[in-house]
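# Structural overview for review
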Amino acid sequence: MEDESSIRGFVVINLKRAGYQVVEAETGEQALESLAQHPDIRVALLDIMLPDIDGFEVCRSIRAGGGKMGIIMLTARTGEMDKVTGLMTGADDYVTKPFSPTELIARVDALYRRVGDEPEPEVRYEIKSGPFVLNTKTRILSKNGERVKLTQVEYTIMKMFLENPGTALSRENILQSVWGRDYYGELKIVDVNIRRLRIKIEDDTTNPVYITTVWGYGYKWGS
Ligand code: CA
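Definitions and cut-offs
- Residues numbered from 1 in each chain as written.
- Predicted model: local features only at pLDDT ≥ 70, side-chain atom pairs only at ≥ 80, totals over all residues.
- Heavy atoms only, no water.
- Helix = DSSP H or I, 4+ residues; strand = E, 2+ residues; numbered from the N terminus.
- Buried < 20%, exposed > 50% of the residue type's maximum accessible area, 1.4 Å probe, protein only.
- Polar contact = N/O pair within 3.5 Å; in protein donor to acceptor, adjacent residues only side chain to side chain.
- Contact = heavy atoms within 4.5 Å.
- pLDDT = per-residue confidence, 0-100.
- Phe/Tyr/Trp six-rings, centres within 6.5 Å; stacked < 30°, edge-to-face > 60°.
- Donors = N, O, S within 2.8 Å, 3.2 Å for Na, K, Ca; no water.
- Core = buried A, V, L, I, M, F, W, Y, C linked by side-chain atoms within 4.5 Å.

Assignment of secondary structure puts Asp47 in strand E1 (residues 43–47). Using a relative accessible area of 2% as the deciding quantity, one classes Asp47 as buried. In this structure the side chain of Asp47 is engaged in a polar contact, spanning 3.0 Å, whose partner is the side chain of Lys97. Once residues lying within four places of it in the same chain are set aside, the contact partners of Asp47 are Met1, Glu2, Asp3, Gly55, Leu74 and Lys97.

As a further point, take the confidence of the model for the protein. Residues with a pLDDT of 70 or more make up 91% of the protein, whose mean pLDDT is 88. Confidence, read as mean pLDDT per element, is least for helix H4 (residues 80–88) in the protein (69) and greatest for strand E10 (residues 218–221) (97).

The subject of this paragraph is the packing of aromatic side chains. Under the counting rule described, the total for this entry stands at six aromatic pairs. Look at Tyr20 and Tyr112: their rings are 5.3 Å apart centre to centre, the planes differ by 70°, and that puts the pair in the edge-to-face class. With Tyr20 in the loop between helix H1 (5–17) and helix H2 (28–37) and Tyr112 in helix H5 (residues 101–115), this residue pair connects regions lying 92 residues apart in the sequence. Through a chain of ring-to-ring contacts, three or more aromatic side chains come together here, namely Phe132, Phe161, Tyr210 and Trp221.

Let us look at the coordination of the calcium ion. The protein atoms that coordinate the calcium ion are Asp3 (OD), Asp47 (OD) and Met49 (O), at distances spanning 2.2 to 2.4 Å. Counting gaps between the donor residues of the calcium ion yields the pattern D-x43-D-x1-M. Placement of the pair is Asp3 in the segment before H1 and Asp47 in strand E1, with a sequence separation of 44 residues. Classification of Asp3 as partly exposed rests on a relative accessible area of 24%.

Attention now moves to the nonpolar core. In this structure, Ile157, Phe161, Ile174, Ile201, Ile211 and Trp221 are the most contacted members of the largest nonpolar core, which totals 24 residues. At the level of secondary structure, the elements contributing two or more residues to this core comprise strand E5 (132–135), helix H6 (152–163), helix H7 (171–179), helix H8 (188–201) and E10. By residue number, the principal contributor to this core is H6, which donates six residues. Here Trp221 is in contact with Ser129, Phe132, Met158, Phe161, Leu162, Pro165, Gly166, Thr167, Ile201, Tyr210 and Ile211, once residues within four sequence places are set aside. If you look at the next biggest cluster of nonpolar residues, it comprises 16 residues, including Ala31, Ala44, Leu50 and Met73.

Laid out in structure tokens, this is it:
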């Protein structure tokens, strides 16, 4: 939103060049109308000095309507008041005129990333324990950074262990969680898979330290 067409054109050209789709408005009223028509707008650039309602008012309206978009105020004045008022009305950032395209785009990019639908950080998918990292998104286990190839059953058992470190898990519990409640099998299948898993992850299978045995009950992650 900018009433001076030369500045508006300059902003629009640079935003488009940076890969953004742009909706222009010349007045505050137009801006509010456009925003209603395009609820998916992610970043609003609002000039403060306008002939009808000022940029602060538009900003306030956006926030009052529950708008979650990023808002950058474009101000011709360098006064601290603009910044304070802008931030108080709900703006996220402000750019002082004259600004360079690089500066403007950098601010827009930063705000766009902040308000955007960012993918969840990879770290949320990772369960770490000692030398192990289990990525629950890719279903890959690594030990000291090296991939350990697992079957789907082994993966499910590992996940259960890593989600319950230090907890004694009964063989029945493991059987039900991994193979499902309706599985009618012998508990021995648990032992067979634990043995195979140990071969893959333990340094010394005769003296397992990661998957330990809880005698007469089941298994546990750690000692
Ligand atoms: Ca203006």
